[in-house]
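What follows is each chain in one-letter form.
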Amino acid sequence: MLHLRAIVPADHTDEVCAVLADCAGATNVVVLEGAARAPSGDLVTADIAREAANEVLDALRALGVDRDGSIALDKVDLTLSQRADLAKELAPGHGDDAVVWEELDRQVAEGTALTWSFVAFLALATQLAGIAALIDSPVLVVGAMVLGPEFGAVAAICYGLVRLQPGRIAEAVRALLVGFAVAIVITYVCALVSRWIGVIELDRLPAERPLTAFIYSPDRWSFIVALLAGAAGVLSLTAGKSSALVGVFISVTTVPAAGNLAVAMALRHGSEITGSLLQLAVNFAGMIIAGSLTLLVQRALWSAVLRRRSGRSAVRRT
């Protein structure tokens, strides 16, 4: 269930209550007249089944509540209410299958923000990956995968493609390009300095790295894994499954490839530079393709659920 908290201008309160009354997935409606001060108005709260959230949000925005008042949705971890259970049963489909588009919009917006923390996490992850390349450590590769924050920007690109938002796509691409460029340059400089002062005693990366060679040797399996990870990542975002998203981070080798690229450049290992660049391209392409297709399929399936519900409602009325 989701908890709705809306500040509603007094002259729209009855209309908002009517919207909630008409929604089978809404219950526990409470109105506190004149409770809100900034902006002023009535406070209306309700519990809403996740699968009914888009319907309610669209109706409230049509009334201008987001413009003249405020709309907030919070996740409810536990609800002990027969009325809430009934609302979930009456709402179409299942909550895990529903994409709350406004929620996803806010989530991917964070992924496009080129912040200092985004660049810092990406730089730290890339340096871990660079060390992993030097000592052939799969443990550090996994650590770099988990630490990297890049999937948020990838999801933003998928969302922008599906929702036809070129501005969102441009922001996400900018975040990825600038973030990875800075991370690679920092790792490259650190590798050069480490080589000059004797921390790195290698002239080139090891010729054989049985445990980490996959990060610079893309093949058909790299693309297949990227496809699966892209689909799983989008599903985890839309369903709110954070544990599944961690699994996605561990699946794709974007950050490890960037770390390997930086170290290979510092040690002038041309073949691994090419392999790392290709690995990056394969992973990003696979994730974007699969993520976009997953959102399209989710939208189509949910439209079918809503059409089936409308058909059943029409039959009942007749």
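Residues numbered from 1 in each chain as written. Predicted model: local features only at pLDDT ≥ 70, side-chain atom pairs only at ≥ 80, totals over all residues. Heavy atoms only, no water.

A.B. asks: Go over the nonpolar core, please, and point to the residues and values.
C.D. replies: Within soluble globular proteins, side chains that are nonpolar generally end up buried alongside one another. The biggest cluster of nonpolar side chains holds 41 residues, and the ones touching the most others in it are Leu104, Phe180 and Leu295. Contributions of two or more residues to this core are made by helix 5 (101-112), helix 6 (116-135), helix 8 (151-162), helix 9 (166-196), helix 10 (220-239), helix 12 (254-266) and helix 13 (270-317). The element that contributes the greatest number of residues to this core is helix 8, accounting for 9 residues. With residues near it in sequence (within four places) discarded, leucine 104 still touches Val99, Tyr159, Leu237, Thr238 and Leu295. Counting residues in each nonpolar core, the second largest holds 20 residues, with Ala6, Val8, Leu20 and Ala26 among its members. (Core = buried A, V, L, I, M, F, W, Y, C linked by side-chain atoms within 4.5 Å. Buried < 20%, exposed > 50% of the residue type's maximum accessible area, 1.4 Å probe, protein only. Helix = DSSP H or I, 4+ residues; strand = E, 2+ residues; numbered from the N terminus. Contact = heavy atoms within 4.5 Å.)

A.B. asks: Help me get a handle on the side chain of threonine 254, residues and values and all.
C.D. replies: Along the chain, the position of threonine 254 falls in helix 12. Owing to a relative accessible area of 0%, threonine 254 belongs among the buried residues under this scheme. Within the local environment of threonine 254, its side chain forms a polar contact with the side chain of glutamate 150, the two groups lying 2.5 Å apart. Excluding residues within four positions of it along the chain, threonine 254 makes contact with Glu150, Phe180, Leu280, Asn283, Phe284 and Met287. (Polar contact = N/O pair within 3.5 Å; in protein donor to acceptor, adjacent residues only side chain to side chain.)

A.B. asks: Please give an account of helix 12 that cites residues and values.
C.D. replies: Look at helix 12: 19 Å from first C-alpha to last across 13 residues, which is about the 18 Å you get at 1.5 Å a residue. For helix 12, the tally of buried residues reaches 12 of 13 residues, placing the bulk of the element in the interior. Arginine 268 sits one or two residues past helix 12 and shows a positive phi near 55 degrees. (Expected span 1.5 Å × (residues − 1).)

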